[in-house]
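Spelled out, the chains give:
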Amino acid sequence: MIDAAELVDNDFLRQFELKIDNHFAKIEYSLQERKIFLTKLIVPEEQDNEDFVNAFLKIVFDNIEERNLSVMPTSPEIAKFMRRNRQYKKLLPVGVRI
């Protein structure tokens, strides 16, 4: 469905981007001292389903894990994803719970 190679980390706009059928799925972020704050999830209406969102978030979280960053999910949708996918809770900074 989604290939991790299609994910783009747009440093200038501070967002992860994934192009799907001439539309972009995006996660806006702020990077501060080895922590990445995931602030907003934007998904095109055509792809606004749980399977697509979960696949997109897994690719983003795997990318963040490879970069050895901590994750602060400030978006409710992203926090909900972390609660459902416990394998990513190790990415939370020490002392932070969701």
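Because the structure is a prediction, the values reported are computed rather than measured.

## Re the pairing of strand β5 (residues 70–73)
Side chains Val71 and Pro73 of β5 all project onto a buried face; the interleaved residues Ser70 and Met72 project onto a face where none is buried. Here strand β4 (residues 35–42) runs beside β5; their pairing, made up of four bridges, is parallel. Counted as the bridge partner of Ile36 is Val71 from β5. Tracing the backbone out of β4, into helix α1 (residues 50–66) and back to the parallel element β5 gives a crossover that is right-handed.

## Considerations on the layout of surface pockets
In this structure, the largest pocket occupies an estimated 240 Å³ of space. Lining the largest pocket are Leu41, Val43, Asp48, Glu50, Val53, Asn54, Leu57, Glu77, Lys80, Phe81, Arg84 and Asn85. If you list the elements that add at least two residues to the lining of the largest pocket, you get α1 and α2 (76–84). Class assignment for the residues of the lining of the largest pocket results in five nonpolar, two polar and five charged.

## Let's talk about the packing of aromatic side chains
Considering all chains together, one arrives at five aromatic pairs under this definition. For the pair Phe16 and Tyr29, a centre-to-centre distance of 5.0 Å together with 40 degrees between the ring planes defines the contact as tilted. Residue Phe16 is located in strand β2 (residues 15–20), and its partner Tyr29 is located in strand β3 (residues 23–32); the two are separated by 13 residues in the primary sequence. Side by side, Phe16 and Tyr29 carry an identical accessibility label, which is buried. An aromatic cluster is present here, built from Phe61, Phe81 and Tyr88 joined pairwise through their rings.

## Section: the environment of Phe56
With respect to the helices and strands, Phe56 occurs in helix α1. Spatially, the C-alpha atoms of Phe56 and Leu7 are 8.7 Å apart, while their sequence positions differ by 49 residues. What Phe56 contacts, discounting residues up to four positions off in sequence, is Ile2, Leu7, Phe16, Leu18, Ala25, Lys26, Ile27 and Leu41.

Rules behind the numbers
- Residues numbered from 1 in each chain as written.
- Predicted model: local features only at pLDDT ≥ 70, side-chain atom pairs only at ≥ 80, totals over all residues.
- Heavy atoms only, no water.
- Buried < 20%, exposed > 50% of the residue type's maximum accessible area, 1.4 Å probe, protein only.
- Helix = DSSP H or I, 4+ residues; strand = E, 2+ residues; numbered from the N terminus.
- Pairing = 2+ DSSP bridges.
- Right-handed = clockwise from strand over helix to strand, strands pointing away.
- 1 Å grid on protein atoms, 1.4 Å probe; cavity = no way out; pocket = protein on both sides within 12 Å on 5 of 7 lines; lining within 4 Å.
- Points joined across faces, edges and corners; volume = space filled by probe spheres on them.
- Nonpolar A, V, L, I, M, F, W, Y, C, P; charged D, E, K, R; others polar.
- Phe/Tyr/Trp six-rings, centres within 6.5 Å; stacked < 30°, edge-to-face > 60°.
- Contact = heavy atoms within 4.5 Å.

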